[in-house]
Structure formats: structure tokens, C-alpha cells
Amino acid sequence: MGIDFHSKKNRNTYTTREADISWTEIINDLVSVKDISNVLDIGCGGGIYSKALADMQADSVTGMDFSEVILEGARENCKEYEMISFVQGNALDTALDSNSFGLVLSRALIHHIKDLQTCFNEAYRVLEDDGVYIVQDRTPQDCALKGDDNHIRGYFFELFPRLMEKETNRRYSSQFVNEALQAAGFRNMEEVTLWEVRQVFESKDQLLQDLSKRTGKSILHELNDAELQLLIDHIDKSISTNNGIIEKDRWTIWKAVK
């Protein structure tokens, strides 16, 4: 199955939350966003992180996604932000001017990209000299962590091993990412891990309702409705608390400089 990013029913699947301070703090530790004029958010989805970059005082943010349907949701989500614009485009060939951005972000993008080298080459091209590239994604090791009251995603793979196979097959190792960045010409690479707060749920029922809609979790589109209900029941039994659930995901972030 898999998610159809061009389906109208998925228009708002990546617009329903805000970037957490756990994310903004680590990004600001890596690069001073307020000192950058032009930022490019490739694979921007519903604009959650385009909005966060604007709130971090970037002068101008361009969000790019390959799905016009997803961009419709992003434009609505960010309609109060005059400094944010959106364009449809391809991460492998953005058609944007060379040397035109001080910061490029690719968050939760590269596991959808088969030709990672071309993706990184394109990011290098559109960056200004000394510009910063931030890549955020999960490594296979990030995906293998067990489920608990905070790491809800771990339960997906505990119940359905085929999802783990799917997940790890589409994720790049840290070594592969670093080598591809270096091959593209980047320097001064840094790598950090982040437990990013994805969302805070007042109750377990609220979390389970979010899961039932597959909100913002493309991997859940690999399950049919009956399997999804089995997963929801499993998580319901596995989580030890009924209130104040802080859902977190483990990510790897790479910083590189042109």
C-alpha cells in the first residue's frame, strides 16, 4: 500500500502539530537561524518546520515539496506568515538559483530518496558559500529502539516485523550519509542525535485516535484497517499511563557546510 502523497485525503496529514522546542533548541545550537536571510526547506510537507524556521527569525523561508496537494495544506497552515512561500519541486533538481540560500533543511526527506548523492549535490549547488545543510532522518539504529510510554513508534515494529524490514531498508546508515555529504563537497560535518518531542497527548484515548487516522506517520499506511486496529489495541495494552503522554521519536541530525 503506502501513503499517496497526492491524494486529497492526505492534504492535512502533515499540518496538525507544531515543532517542539526540543527541535528548535538543537537546530539553533547547530546554526544561528536568525542570522540567515534565505532558508530552503526541501520536503517541507505541511509547513510545520517552515513555520518553525520563520519563528526562529529567518528573514525568508521557501518550502518545497513534490506534492501540490501537500503544499495546499502547507499554504493554509502558514497563511499568517508573509515571509514563507511555497513552490512545487524535486529534491534532485529544484530549478532554483545556485548559491542562493544560507541554510537548507531536509527533514524526514532522505528515506524517500533513492539517489541520495544527487539530492546532496543539489543542496550543495543552491547553498551559498559557507552555507549550512541540515539533514534530519532516522538511521536503522534509530528505528530499532523498543517501544515504551514515550517511544510509541517502537511498538509498530514489535507487532509487525515486516514494518521493521520496510523501515530499515529505506533508511541510510550514518556512514553512508557522511560519505555522500563529503562526496558532494561538504565540509565540517557534525552529527548529533535527538529525542524530539513529536506531540503531547492529554490522554491515551487522544493518542489512539491520532494513530487511527495515521496522522503524519507514513509507515502506518503499510497496514490495512484490521492490522491498524490490532496495533492500536496492542499499544492500548502496552502503555502504562492513561494521561499526559509525551510522544518522542529518536532522530539523527547531520550538519554540513559548503
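Residues numbered from 1 in each chain as written. Predicted model: local features only at pLDDT ≥ 70, side-chain atom pairs only at ≥ 80, totals over all residues. Heavy atoms only, no water.

## Considerations on the pairing of strand β1 (residues 38-42)
For step 1, the next point in the chain: Burial of β1 is extensive: four of the five residues sit out of reach of the surface.
For step 2, the next point in the chain: In terms of strand pairing, β1 meets strand β2 (residues 60-65) through five bridges, oriented parallel. Bridge pairing in β2 places Asn38 opposite Ser60.
For step 3, the next point in the chain: Examined bridge by bridge, β1 and strand β4 (residues 101-107) share three bridges and lie parallel to one another. Bridge pairing in β4 links Asp41 to Leu105. (Buried < 20%, exposed > 50% of the residue type's maximum accessible area, 1.4 Å probe, protein only. Helix = DSSP H or I, 4+ residues; strand = E, 2+ residues; numbered from the N terminus. Pairing = 2+ DSSP bridges.)

## Focus: the pattern of salt bridges
For step 1, the next point in the chain: Tallying each qualifying case throughout the model produces 25 salt bridges.
For step 2, the next point in the chain: We note a salt bridge from Arg75 to Glu68, for which the minimum N-O separation is 2.7 Å.
For step 3, the next point in the chain: Residue Glu68 is classed as partly exposed on the basis of its relative accessible area, which comes to 30%. (Salt bridge = Lys/Arg side-chain N within 4 Å of Asp/Glu carboxyl O.)

## Quick word on the nonpolar core
For step 1, the next point in the chain: With 29 residues, the main nonpolar core has Trp23, Ile27, Val33, Leu53, Leu103 and Ile134 as its most contacted residues.
For step 2, the next point in the chain: Elements with a minimum of two residues in this core: α1 (21-30), α2 (48-55), α3 (68-77), β3 (84-88), β4, β5 (127-137) and β7 (243-257).
For step 3, the next point in the chain: It is α2 that provides the largest number of residues to this core, a total of five residues.
For step 4, the next point in the chain: Setting aside chain neighbours within four positions, we find Ile27 in contact with Val33, Met56, Ile134 and Ile253.
For step 5, the next point in the chain: Counting 25 residues, the second largest nonpolar core, distinct from the first, contains Met64, Cys119, Ala123 and Tyr133. (Core = buried A, V, L, I, M, F, W, Y, C linked by side-chain atoms within 4.5 Å. Contact = heavy atoms within 4.5 Å.)

Geometric descriptors of this kind do not, in isolation, establish any biological role.
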